Amino acid sequence: MSITLSRTEVETLLPYMRDVTRCEMSLRELNLMWSLIEASAKMNCPQDARTILPTMAATRTQFGQMERDLVSSLVLEKLRNAIGQVQTRAQYVIDIVVRNLYERTADVGFLATDPELCSFVADPVEDEGRTYRRLQEYRHKYTVYDEILLLDTGGHVLAQTDSASPVEASRDPLVPATLASSTYLETFRATDLRPGAPQALIYSRRMQRPGAGQSVGVLCMSFNFPQEMQGIFASHGDPSGRSVMLLLDAQHRVIASSDEGWMPLGMTVPVNREGRAGAFIHQGRLYLIATHASPGYQGYPGPTGWLGQVMMPLDVAFDASGSTGTDALPPALLQGLLSHAGTFCPPLHDIMVAAQRIQRIVWNGQVMTAGSERDMSQLKTVLEQISETGHRSSKLFRESIDALYQTVLGTGLTQAGYTARLLVDLLDRNLYERADDCRWWALNPQLREGMAAPDAAACASMAKVLDYINSLYTVYTRLYLYDAQGAILVSTGTPLPPGARVTPDTLARVVALTDTQHYHVEGFGPHPLYADAATYVYHAAIRHPTDPKRVIGGIGLVFDSAPELRAMLDGAVSRKPDTHALFVSPQGRVLASTHPDHPVGSAWTHPAPNTQVARGQFDTQIGVHAGQYAVVATSTSAGYREFKTSDGHRDDVQAVVIRHFGAVHAHGGAAGDAGVLLDAASHGSGPTQEYATFLLDGQLMALHARHVLEAVSASDLRRVSMTRGSACVGMVARQAAGESGYVWVHDLAQLLGRAPVRGDGQVLILRLGAHTCGLLVDELHAVAEFEDRCVVPNPVGHTHGGHWISHIIRANQGRVTVQLLDGERVVTLVQR
């Protein structure tokens, strides 16, 4: 999501972000402190301080820029997080609605050609309630409808399912308009077909006399729009109540609201079709607004002008949403993730680089004055202030970067979780239709009569019915009928071998179905009627036309799972970089996947999600997947309407969404003691020495400060093909005033027998006598002074690579251990 903000926009948003405001105040205080230190040095010891005044000026300048950049980045990421949440849910609300309504367009087209219903409308004679019962059977299967009506050409109601809202006749113009149309009509407004309802969504289609082509009436199906929207809002709305989810019409009026007390039906609201990041005013309150139109589904565009929208007041948009769960993660994992900030969050990476630059300037200033033989007692106070303020600055940078990091990770976790939740919802909604289809088609009079006496003529007639149905419902690769002994009599698709049968277990389960509301699903797995690929097969019992209690066979629907499930996954993640998705069975087998390492049928071995998370909610984890740092979100199927909730079928499929951030590093990077403040000499009277400390693989190490010239960024390292041993990683140019030339650089971790340092570290330039070399380390720490009594010889075997470590510094009254590197030995060995 590309968002840019001007300085004015940052200042407008800043008052609504209390944590960022506190950070800005702390940064300003430190910036003022650097200015005071510089002024104090100029006034009190200008001669002694002249070597470090340029360093202090550079620090102050860099700090000022850092302050502006860090605050802007924090504001930008918090805004991106908030906008990402409302945009995702605005897109989901319109996408779910349009996918659902697409199914309704198929329903009305198919039911309007039902021979039994068409015959009744053509000749509406008393049939002892058979037509009413047939319509009720349909409504009991397809529970998304709250009313189904049959009308003649004059608008008189011949049959309806909702006896609580009787209609004798309709004057609604949709009746003549439907009769004049060769396709369905979609009408959303108040209508006399649904008296008492402020608005209704009606799908209508003309009905023709069987075999004659003469229009004899109209089928009207009322979609239970309020109930459907309540379900969507309950599943995908904001549980914190900080935002409102809306469905708008072409005039930007609210036609459905997750909180009608806040945004009532009929209210006109501002929209944000362009995706602008700024705030919008509505009734005197500032809002972040996300608006999405539907891209369409399977060629169906959705109702004209309808929009999904989410509105979040600016004053609550940036409230803390709780921990991202990173506190319990291993430091190496967090550092590894952070090392890829340049990929997943460039502003965060830029801030980290700027913080390192400031730390390096301060560190170099301290090194520059360390070990001087001149009396610099007047400068001592200034140096102590530089050290203390440098540490405070580093601490604040770490805290601020961590806050930004948490925001970025929080965005990734939330987006992955929302996507996983959407996927299981889409899957449940899709398979709900499959359960409806098999039960309704099992009631087809032609099929029931044919199965009662399945001779050659009857089978040919039934084959035509199945072919017609399959031509309309292409989500199935095969529809087939089988008798009470399990022999398949009729099938669409490629011819089956003679003697093809359903399995005994399937037959037994179908024959045992107690009524027309029940169905059976063959669990996802390889199936001979799907070329031995894995799929679901839906079954319903076919009952004798005159003895409904007698099961005479069944109907099987082979779901084309491979393209259908993959299309759901692709639709959710194809536009999200470095993101994959899977459907996983309750047994841990992959049903569909966009990741090449997880093909269909393979085992999903990633750690299971939090079992305390309720069905329909999502769980997110940060960890390692396929050799990369990743966010993994899972959501478990909660069912849709009665499907998987009260119909006796349970299949807790999980959707898994994986977002990769970058390859795992073998070297852990700086962590561990990075935030430790080293006490100056133990306030005794003994002799002291100054040490330049740094971090390597999370451990504090040191060199005599007199051996260190300066530190430069590892980004300045020039990799060369001809090096001096495996630990030699290239060359850097000297940057200190009055210095020139290049220095060979060696990876200190490799010299110590550890995993190599990553490329985002620091290079220490050492000089002992006539020899100069560079050492690549993770991170600079501080320049500290310790009494000689705190420095003890290295015990044998104290650390891996111990022959490089000459002494151990027991800092902070022995609470912190610092490994002192033998600089002379290092320089001597790397010069060979």
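Structure shown above.
Calculation criteria
- Residues numbered from 1 in each chain as written.
- Predicted model: local features only at pLDDT ≥ 70, side-chain atom pairs only at ≥ 80, totals over all residues.
- Heavy atoms only, no water.
- Helix = DSSP H or I, 4+ residues; strand = E, 2+ residues; numbered from the N terminus.
- Rg over C-alpha atoms; globule rule 2.2 N^0.38 Å.
- Buried < 20%, exposed > 50% of the residue type's maximum accessible area, 1.4 Å probe, protein only.
- Contact = heavy atoms within 4.5 Å.
- Lys, Arg positive; Asp, Glu negative; His and termini not counted.
- Charge placed at Lys NZ, Arg CZ, Asp CG, Glu CD.
- Phe/Tyr/Trp six-rings, centres within 6.5 Å; stacked < 30°, edge-to-face > 60°.
- Core = buried A, V, L, I, M, F, W, Y, C linked by side-chain atoms within 4.5 Å.
- Axes fitted to C-alpha atoms, helices over the stretch in contact; angles between N-to-C directions.
- Parallel < 35°, antiparallel > 145°, perpendicular 65-115°, else oblique.
- Nonpolar A, V, L, I, M, F, W, Y, C, P; charged D, E, K, R; others polar.
- Pairing = 2+ DSSP bridges.
- Salt bridge = Lys/Arg side-chain N within 4 Å of Asp/Glu carboxyl O.
- 1 Å grid on protein atoms, 1.4 Å probe; cavity = no way out; pocket = protein on both sides within 12 Å on 5 of 7 lines; lining within 4 Å.
- Points joined across faces, edges and corners; volume = space filled by probe spheres on them.

Visitor: Go over the overall build of the protein with me, naming the residues and quoting the values.
Guide: Helices and strands together make up the secondary structure of the protein, namely 18 helices and 31 strands. For 832 residues, the compact-globule estimate of 2.2 N^0.38 gives 28 Å, and the protein exceeds it by more than 25% at 36 Å. When the backbone C-alpha atoms are referred to their principal axes, the protein occupies close to 115 × 65 × 45 Å. Within the span of the protein, comprising 832 residues, buried residues form 55% of the whole. Once local pairs closer than 6 in sequence are excluded, the contacts in the protein between residues at least 24 apart make up 63%. Side chains of the protein carry 70 positive and 84 negative charges; the gap between the two charge centres is 3 Å.

Visitor: Please give an account of the packing of aromatic side chains that cites residues and values.
Guide: Tallied over the entire structure, the rule returns 20 aromatic pairs. Each ring, one from W441 and one from Y473, has its centre 4.9 Å from the other, and the planes form 75 degrees; the classification is edge-to-face. With W441 in helix α12 (residues 377-441) and Y473 in the loop between α14 (456-472) and β11 (476-483), this residue pair connects regions lying 32 residues apart in the sequence. On the basis of relative accessible area, Y473 is assigned to the buried category, the value being 7%. A network of ring pairs unites the aromatic residues F110, W441, Y468, Y473 and Y476 as a single cluster.

Visitor: How would you explain the nonpolar core if you had to name every residue and give the values?
Guide: By size, the foremost hydrophobic cluster in this structure holds 156 residues, and its most contacted members are W441, Y538, I555 and F583. Counting residues per element, this core draws most heavily on helix α4 (residues 53-111), which supplies 24 residues. Setting aside its immediate chain neighbours within four residues, I555 contacts C438, W441, A442, L447, L466, Y480, L481, Y482, Y538, H539, A540 and I542. Within the second largest apolar cluster, 42 residues are counted, among which are M701, V729, V743 and L752.

Visitor: Hey, could you go over the packing of helix α2 (residues 18-44) against α4 for me, with residue numbers and the actual values?
Guide: Where α2 contacts α4, the axes come no closer than 10 Å and their chain directions differ by 175 degrees. Here α2 is positioned roughly antiparallel relative to α4, judged by the angle of their axes. Looking at the contact of α2 with α4 residue by residue, the classes come out as 15 nonpolar, four polar and eight charged.

Visitor: Explain the sheet that holds strand β3 (residues 185-189) to me, using residue names and the numbers behind them.
Guide: Pairing between the strands of a sheet is mediated by backbone hydrogen bonds and can be parallel or antiparallel. Strand order across the open sheet formed by five strands is β2-β1-β5-β4-β3, with antiparallel pairing between neighbours. Two strands bound the open sheet, and with one partner strand each, they are β2 (157-160) and β3. For this sheet the average axis-to-axis angle between neighbouring strands, irrespective of direction, equals 25 degrees. In terms of strand pairing, strand β1 (residues 145-152) meets β2 through three bridges, oriented antiparallel. In the strand pairing of β2, L150 is matched with A159.

Visitor: Could you give an account of the pattern of salt bridges, with specific residues and numbers?
Guide: Charged atoms that come close allow side chains of opposite charge to pair. Per the counting criterion, the structure on display carries 28 salt bridges. Note that K78 is salt-bridged to D19, the shortest N-O span being 3.0 Å. Taken as a pair, K78 in helix α4 and D19 in helix α2 lie far apart in primary sequence, 59 residues in all. The class for D19 is partly exposed, based on a relative accessible area of 32%. A salt bridge links D114 to R134; its shortest N-O distance comes to 2.6 Å.

Visitor: Please set out empty space enclosed by the protein residue by residue, giving values where relevant.
Guide: One pass over the full model with this rule turns up six cavities of 30 Å³ or more. Here the largest cavity defines a volume of roughly 150 Å³. Lining the largest cavity are I96, R99, N100, E103, Y297, L426, R429, N430, E433, M568 and Y640. Elements supplying a minimum of two residues to the lining of the largest cavity: α4 and α12. If you add up the space inside the second largest cavity, you get close to 50 Å³. Around the second largest cavity, the lining residues are W34, I52, T55, M56, T59, I361, V362, G365, Q366 and I386. For the lining of the second largest cavity, the secondary structure elements donating two or more residues are α4 and α11 (346-369). Tallying contributions element by element places α11 first for the lining of the second largest cavity, with four residues. Classifying every residue of the lining of the second largest cavity by side-chain character gives six nonpolar, four polar and no charged.

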